[in-house]
Amino acid sequence: MTAVTIQCCAPIAREPLSETDAADLAGMLKAVADPVRLRLLSMIGSHAGGEACVCDLTDAFDLTAPTISHHLKVLRTAGLIDGERRGTWVYYRIIPEAVNRLGALFAPLTEPAPRSVELELTPA
């Protein structure tokens, strides 16, 4: 038998997640698993100035204000956004570290993982 090293796809993690990290990330993933919340997160993150007033978000949905508030609360509880009250409105902004942590979960490392495979070569 001959050992041949081949390049495989790049791994998506340097090491397995700890139990605590897995629980934290699962909470974030659960929060963005809803289409409305995913859109809200996207709208806040792409809004000019890096923050969006709740008044800028509600018109994009055919939902009541309390429903939008509920979705924003879920995102806030998950640690993905933060908000600040200014007068009668709340302005929301992305928490970059949290969103980057989610993104890093699925971003492959830059180098493919070398893998050694045993092959039995037979003469042709």
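Since we're looking at a predicted model, the values are computed, not measured.

**Student:** Can you break down the pattern of salt bridges residue by residue, with the values?
**Tutor:** Going through the model one piece at a time under the given rule, you end up with six salt bridges. Salt-bridge contacts for Arg-101 lead to Asp-24; the nearest nitrogen and oxygen are separated by 3.9 Å. You can see Arg-101 sitting in helix α5 (residues 96-106) and its partner Asp-24 sitting in helix α1 (residues 19-32), a full 77 residues away along the chain. Arg-101 gets classed as partly exposed once you look at its relative accessible area, which sits at 30%. For Asp-24, a relative accessible area of 38% gives the class partly exposed. In this structure, Arg-93 and Asp-82 form a salt bridge, with 3.7 Å as the shortest nitrogen-oxygen distance. You can see Arg-93 sitting in strand β4 (residues 89-94) and its partner Asp-82 sitting in strand β3 (residues 81-86), a full eleven residues away along the chain. Look at Arg-93 and you get partly exposed, because its relative accessible area is 27%. Residues joined in a network through salt bridges with shared partners are Asp-21, Asp-24 and Arg-101.

**Student:** Could you give me a rundown of the state of the cysteines, with the residues and numbers involved?
**Tutor:** By the definition in use, this model includes one disulfide. Put simply, Cys-53 and Cys-55 are joined by a disulfide, and their sulfur atoms are 2.5 Å apart. A torsion of 125 degrees about the S-S bond marks the disulfide between Cys-53 and Cys-55 as right-handed. Using a relative accessible area of 1% as the deciding quantity, one classes Cys-53 as buried. We classify Cys-55 as partly exposed; its relative accessible area is 26%.

**Student:** Can you lay out the nonpolar core for me, pointing to particular residues and giving the numbers?
**Tutor:** With 24 residues, the main nonpolar core has Ile-44, Leu-72, Leu-75, Leu-80 and Ile-81 as its most contacted residues. For this core, the secondary-structure elements that each account for two or more residues are α1, α2 (35-46), α3 (54-57), α4 (65-77), β4 and α5. Discounting residues that sit within four places of it in the chain, Leu-80 has contacts with Met-28, Ala-31, Val-32, Leu-41, Leu-75, Arg-93, Ile-94, Ile-95, Ala-98, Val-99 and Leu-102.

**Student:** Explain the packing of aromatic side chains residue by residue, including any values.
**Tutor:** Taken as a whole and assessed by the stated rule, the structure comprises zero aromatic pairs. Of note, Arg-86 hangs over the ring of Tyr-91, and the distance from its end group to the ring centre comes to 4.4 Å.

Criteria and thresholds
- Residues numbered from 1 in each chain as written.
- Predicted model: local features only at pLDDT ≥ 70, side-chain atom pairs only at ≥ 80, totals over all residues.
- Heavy atoms only, no water.
- Salt bridge = Lys/Arg side-chain N within 4 Å of Asp/Glu carboxyl O.
- Helix = DSSP H or I, 4+ residues; strand = E, 2+ residues; numbered from the N terminus.
- Buried < 20%, exposed > 50% of the residue type's maximum accessible area, 1.4 Å probe, protein only.
- Disulfide = S-S within 2.5 Å.
- Core = buried A, V, L, I, M, F, W, Y, C linked by side-chain atoms within 4.5 Å.
- Contact = heavy atoms within 4.5 Å.
- Phe/Tyr/Trp six-rings, centres within 6.5 Å; stacked < 30°, edge-to-face > 60°.
- Lys NZ or Arg CZ within 6 Å of the ring centre and 35° of its normal.

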